[in-house]
Amino acid sequence: MISSETHRSLLVAVLVPLVVGAAFHATSPDRSDPDLPARFAAEQAASEAFSPPRRAILANDPRSRPHAIARALARYVDAVPTGEFIKVETYFLGSRITYPALVRAFRRGVHVQVILNGSSRYRFPQGLRLATVLNADRTDRSWVVFTDLSARGPEGVLSINHNKIWRFSRVGDRRWVTVVGSYNNTDYSDTHAFSMMWSLALPPVYDAIEQTFQESRRDRPAGANPMREFRGNGWSSYALPSSIQSADHDPVMKALRSIPARRDTVVRIAMFTMWDSRGEWIADRLAAMARRGARVTFVAGPLVGRLPRAELLAAGVRVEGGCWPADETFVHDKAMSATYVARGERRYWTWIGSDNWTTHTMNSDQTVVGIAGRDVHRQYVRHFDVLTERPDIDPDRCDLFAD
């Protein structure tokens, strides 16, 4: 167990995002304004000229591409036609880029539905101001909901709504678009955190997440065990919280057990947080895979515990530091890829989401999506290599938040 680190890590996990965003002024729009069609004609024409890729990875590099994901999200929002839906479920809304885009979308007649972690109302002004705009008319189909702790988990358990999901019923001429991953939508994240998000125009993924979105909207326990698992042709997904917290029922362990532990297997992981008993049982499995010949590289973010790091290193895992005090940037990813041979064919899987590897995070709302295919795996490796090839890495100093 890592009890010496648990209290500090929990405290840091709460305090790190407490960065106050810039203030904005928003007034409630007049949805009956007869000039709206003309006012937004140019925007509508531009939206029809843009469509996102069918499957791709969006990545924020705070050094060379700060605001990359925020700008992509704003572009998606601006390309949603009147009468369509934007559905957001995210930990924070504290961006000078996406907040105005959501207001613009609402004003041109897009239905904007947003679920935010309750604590965000005190941390950033954008969430409350968006609520003022979207909740002004209770008869329309736009709204903001602030959840109390986890949206779908049991009451009385320390938890949060930690999802980072943006969905669009239409972007340009592309339907059923889902953007999901590890990106906290704040200006601070843009300039400090390496993060990745899926951009997927896959209707089954959109529909699967719609199920948990509707549960989150109600903000009450979603059954005895609210964990959901979904699987389709070339994709899989899981949604926490889970009331059963063990290695046998951990969806990460299920994925790792499906990967052959031998020399032709390559696993790449970028992880912000990993500690306590869950961190240990995942480290046990990765170490066992490495000892049997799998090539495992692990980029350890600032809240990866010392015990998992030590076990991985002892087993021959390549562990790289995932924070850089010189410019105060750090890995915020919760991502893994694997390539291996099964039934005579090389397979490629990539998982990206919001799930940090601790039992604490299993109490909270999280979503992870896995996608099969060499095309997106190549994109992941390209972004992953940025982390491992930084010349200023010092693994022994990977603790931006040390006392």
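Everything discussed here concerns the structure shown above.
Cut-offs and rules
- Residues numbered from 1 in each chain as written.
- Predicted model: local features only at pLDDT ≥ 70, side-chain atom pairs only at ≥ 80, totals over all residues.
- Heavy atoms only, no water.
- Helix = DSSP H or I, 4+ residues; strand = E, 2+ residues; numbered from the N terminus.
- Expected span 1.5 Å × (residues − 1).
- Buried < 20%, exposed > 50% of the residue type's maximum accessible area, 1.4 Å probe, protein only.
- Contact = heavy atoms within 4.5 Å.
- Pairing = 2+ DSSP bridges.
- Axes fitted to C-alpha atoms, helices over the stretch in contact; angles between N-to-C directions.
- Phe/Tyr/Trp six-rings, centres within 6.5 Å; stacked < 30°, edge-to-face > 60°.
- Lys NZ or Arg CZ within 6 Å of the ring centre and 35° of its normal.

### Description of helix α11 (residues 276-291)
Moving on, step 1. Compared with an ideal rise of 1.5 Å per residue, which puts 16 residues at 22 Å, α11 spans 22 Å between its outermost C-alpha atoms and is within 8% of the ideal.
Moving on, step 2. For α11, every residue scored as buried is listed here: Asp276, Arg278, Gly279, Trp281, Ile282, Ala283, Arg285, Leu286, Ala287, Met289 and Ala290.
Moving on, step 3. Against the buried residues of α11 lie β11 (235-240), α10 (251-257), β12 (266-274), β13 (295-304) and α12 (306-314).
Moving on, step 4. Following α11 by one or two positions, Gly293 adopts a phi angle in the positive range, close to 115 degrees.

### Some remarks on the sheet that holds strand β17 (residues 334-342)
Moving on, step 1. As summarised here, the arrangement of the 8 strands in space is β10-β11-β19-β18-β17-β12-β13-β14, forming an open sheet in which the pairing is mixed. This sheet does not close on itself; its edge strands, each paired only once, are β10 (228-232) and β14 (318-321). Each strand axis lies, on average, 15 degrees off the axis of its neighbour in the sheet, ignoring direction.
Moving on, step 2. Bridge analysis of β17 against strand β18 (residues 345-353) gives 8 bridges, and the strand direction is antiparallel. Within the sheet, the bridge partner assigned to Ala335 lies in β18 and is Ile352.
Moving on, step 3. Sheet strands touched by α11: β11, β12 and β13. Its angle to β12, the strand with the most contacts, is close to 160 degrees.

### Side note on the side chain of Ser182
Moving on, step 1. Here Ser182 is to be found in the loop between β7 (174-181) and β8 (185-186).
Moving on, step 2. Setting aside its immediate chain neighbours within four residues, Ser182 contacts Lys164, Ser195, Met196, Met197, His332, Asp333, Lys334 and Gly353.

### A closer look at the packing of aromatic side chains
Moving on, step 1. Taken as a whole, this structure holds 11 aromatic pairs when the rule is applied.
Moving on, step 2. Ring centres 6.5 Å apart and planes at 55 degrees place the aromatic pair Phe298 and Trp357 in the tilted group. Residue Phe298 is located in strand β13, and its partner Trp357 is located in the loop between β18 and β19 (366-372); the two are separated by 59 residues in the primary sequence. Comparing Phe298 with Trp357 shows no difference in burial state: the two are buried.
Moving on, step 3. Relative to Trp351, the ring of Trp349 lies with its centre 5.9 Å away and its plane at 20 degrees, an arrangement referred to as stacked.
Moving on, step 4. The class for Trp349 is buried, based on a relative accessible area of 16%.
Moving on, step 5. The class of Trp351 is buried, set by a relative accessible area of 12%.
Moving on, step 6. An aromatic cluster is defined as three or more aromatic residues linked by ring pairs; in this entry it consists of Phe50, Tyr76 and Phe168.
Moving on, step 7. A cation over an aromatic ring shows up here: Arg390 above the ring of Trp324, its NZ or CZ 4.3 Å from the ring centre.

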